[in-house]
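Fold and geometry: a report
Letter by letter, the chains look like this.
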Amino acid sequence: MSDLIVHPEMELLTTPVMSVEQMVADWLHLDVANGDACVDTLKTYRGNFQSWLTWCKENQVHPGQATIEDIKGWRQDLIAAGSKPSTISLKLTTVRRFYQSAVDRGILKSNPATNVRAPRERRAVREQIKYLSAGEAELLFRAVPKDSEIKSLRDKAMIGLMALEGLRRVEIVRACVFDIGSDLEGLRLLVHGKGKERFIYPREDTSRALQEYLAARGAIERDNQGEPLFVQVRKGGTAMGRISRTGVNKVVDHYLQKAGLKREGLSCHALRHTCGALLYQATRDVRAVQETLGHSNIATSAGYAHIIERGKARYTREIPVKIG
């Protein structure tokens, strides 16, 4: 918790035997994601809560005596600063949950953030969801060199898992070799998602690309998570160490630029959207999209129905894109 600046005034929130730093630490450890939050989630919550504390200090608001009007004032300043509704919503949710935790523990009588909501997103769904068409996805895969270099094989497998199987950037980074298995359905991959895990069964071409990459790469030294599936590749083709999220960004942006597809808002997450959009186009089945992308709420998956008007068949193998 050394990265969280706790203002002295917040001591009034606490009992004499518990500091705010301890209370926040307990909240993050015991309550967030039911006590099983990943490192990235905890980092996000700390950052969001710090935003609130900083606002309180700048506006001489006592955090322990904050009112609903104070929360609304923070919200208005976030809007004025150009924060997106989704960002404001996440910050408000963080603060709301913290104060509710304090209420549940008998530290506060009421939660000042209970009825404060983020502004509604005014842009149309089609403007929010950036994705590649089937033809553009083909161009992206063609931009990857068709050689036996470890980097080329890695990039083809990585882009395949994102654009055709719907993996998030963080899921690419977290993946380990021991997550790969097989059964009667073929190759199976355990995906470490946002707050939960799921199995996926990649298409035949995605599976083949993954196997070719691993065969060429060989074994890599384990880190604290296990043997990384996707690694950094140094000049000369030396594979070493787990690839970072920044590294994944650079790979995707490089091929988007090379294929002439790079545009505003189109980067790593657009590949996941590509899977969702093309899958709905091919199936007209929102539940197939939900199951493939691992959405907890089917309403999230339904967003793709607003940007696609026609389609047929079912399952990711029906997406009309070839890896190469």
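Residues numbered from 1 in each chain as written. Predicted model: local features only at pLDDT ≥ 70, side-chain atom pairs only at ≥ 80, totals over all residues. Heavy atoms only, no water.

1. Looking at the pattern of salt bridges
- Under the counting rule described, the total for this entry stands at eleven salt bridges.
- The closest approach of N and O atoms between D223 and R242, which form a salt bridge, is 2.7 Å. Placement of D223 in the loop between α9 (204–217) and β4 (231–233) and of R242 in strand β5 (residues 239–242) is noted, with a sequence separation of 19 residues between them.
- The closest approach of N and O atoms between K262 and D253, which form a salt bridge, is 2.9 Å. (Salt bridge = Lys/Arg side-chain N within 4 Å of Asp/Glu carboxyl O. Helix = DSSP H or I, 4+ residues; strand = E, 2+ residues; numbered from the N terminus.)

2. Some points on the packing of helix α7 (residues 150–163) against α9
- The N-to-C vectors of α7 and α9 enclose an angle of 150°; their axes lie 8 Å apart at closest approach. Between α7 and α9, the interaxial angle falls into the category roughly antiparallel. As α7 runs across α9, the sense of the crossing is left-handed. Across from I150, L153, R154, K156, A157, G160 and L161 in α7, the residues of α9 making contact are T206, A209, L210, E212, Y213, A216 and R217.
- Of the residues assigned to the contact of α7 with α9, the class counts are eight nonpolar, two polar and four charged. (Axes fitted to C-alpha atoms, helices over the stretch in contact; angles between N-to-C directions. Parallel < 35°, antiparallel > 145°, perpendicular 65-115°, else oblique. Left-handed = near helix turned anticlockwise from the far one by under 90°. Contact = heavy atoms within 4.5 Å. Nonpolar A, V, L, I, M, F, W, Y, C, P; charged D, E, K, R; others polar.)

3. Comments concerning α9
- For α9, built from 14 residues, the straight-helix expectation of 20 Å at 1.5 Å per residue is met to within 8% by its first-to-last C-alpha distance of 20 Å.
- Among the residues of α9, those classed as buried are D205, T206, S207, A209, L210, Y213 and R217.
- In this structure, the buried residues of α9 make contact with α7, β1 (180–183), β2 (186–192), β4 and β5.
- Positive backbone phi, approximately 80°, marks G218, located one or two places after α9. (Expected span 1.5 Å × (residues − 1). Buried < 20%, exposed > 50% of the residue type's maximum accessible area, 1.4 Å probe, protein only.)

4. A look at the environment of A282
- With respect to the helices, strands and loops of the structure, A282 is situated in helix α11 (residues 268–283).
- Taking the C-alpha atoms as reference points, A282 and I319, separated by 37 residues in sequence, lie 6.2 Å from one another.

5. What to know about the pairing of β5
- Bridging between β4 and β5 involves three bridges; their strand directions are antiparallel. Each residue of the ladder has a partner; that of V231, found in β5, is R242.
- Linking two consecutive strands that pair antiparallel, namely β4 and β5, is a turn of five residues; a positive phi of about 95° is found at G236 within it. (Pairing = 2+ DSSP bridges.)

6. Focus on the packing of aromatic side chains
- In total, this model carries six aromatic pairs according to the counting rule given.
- For the ring pair F98 and Y99, a centre distance of 5.7 Å and an interplane angle of 65° mean the geometry is edge-to-face. Of the two residues, F98 and Y99, neither departs from the other in class, the shared state being buried.
- Among the aromatic residues, those joined into a cluster by ring pairs are F49, W52, W55, W74, F98 and Y99.
- If you follow R188 out to its NZ or CZ, it ends over the ring of F199, 4.5 Å from the centre. (Phe/Tyr/Trp six-rings, centres within 6.5 Å; stacked < 30°, edge-to-face > 60°. Lys NZ or Arg CZ within 6 Å of the ring centre and 35° of its normal.)

7. Digging into the environment of K258
- Mapped onto the elements of the fold, K258 is located in helix α10 (residues 245–258).
- The class of K258 is partly exposed, set by a relative accessible area of 49%.
- Spatially, the C-alpha atom of K258 lies 8.9 Å from that of V144, the residues being 114 residues apart in sequence.
- Filtering out sequence-adjacent residues up to four positions away, K258 remains in contact with A143 and P145.
- Within the structure, the side chain of K258 is placed 2.8 Å from the backbone oxygen of A143, a separation counted as a polar contact. (Polar contact = N/O pair within 3.5 Å; in protein donor to acceptor, adjacent residues only side chain to side chain.)

8. Brief notes about the sheet that holds strand β3 (residues 197–200)
- One open sheet accounts for three strands, arranged β1-β2-β3; its pairing is antiparallel. If you trace the sheet from one side to the other, it starts and ends with β1 and β3, each paired once. Ignoring strand direction, the axes of neighbouring strands in this sheet form an average angle of 30°.
- Where β2 lies against β3, four bridges are found, and the strand directions are antiparallel. When the sheet's bridge partners are listed, H192 is paired in β3 with E197.

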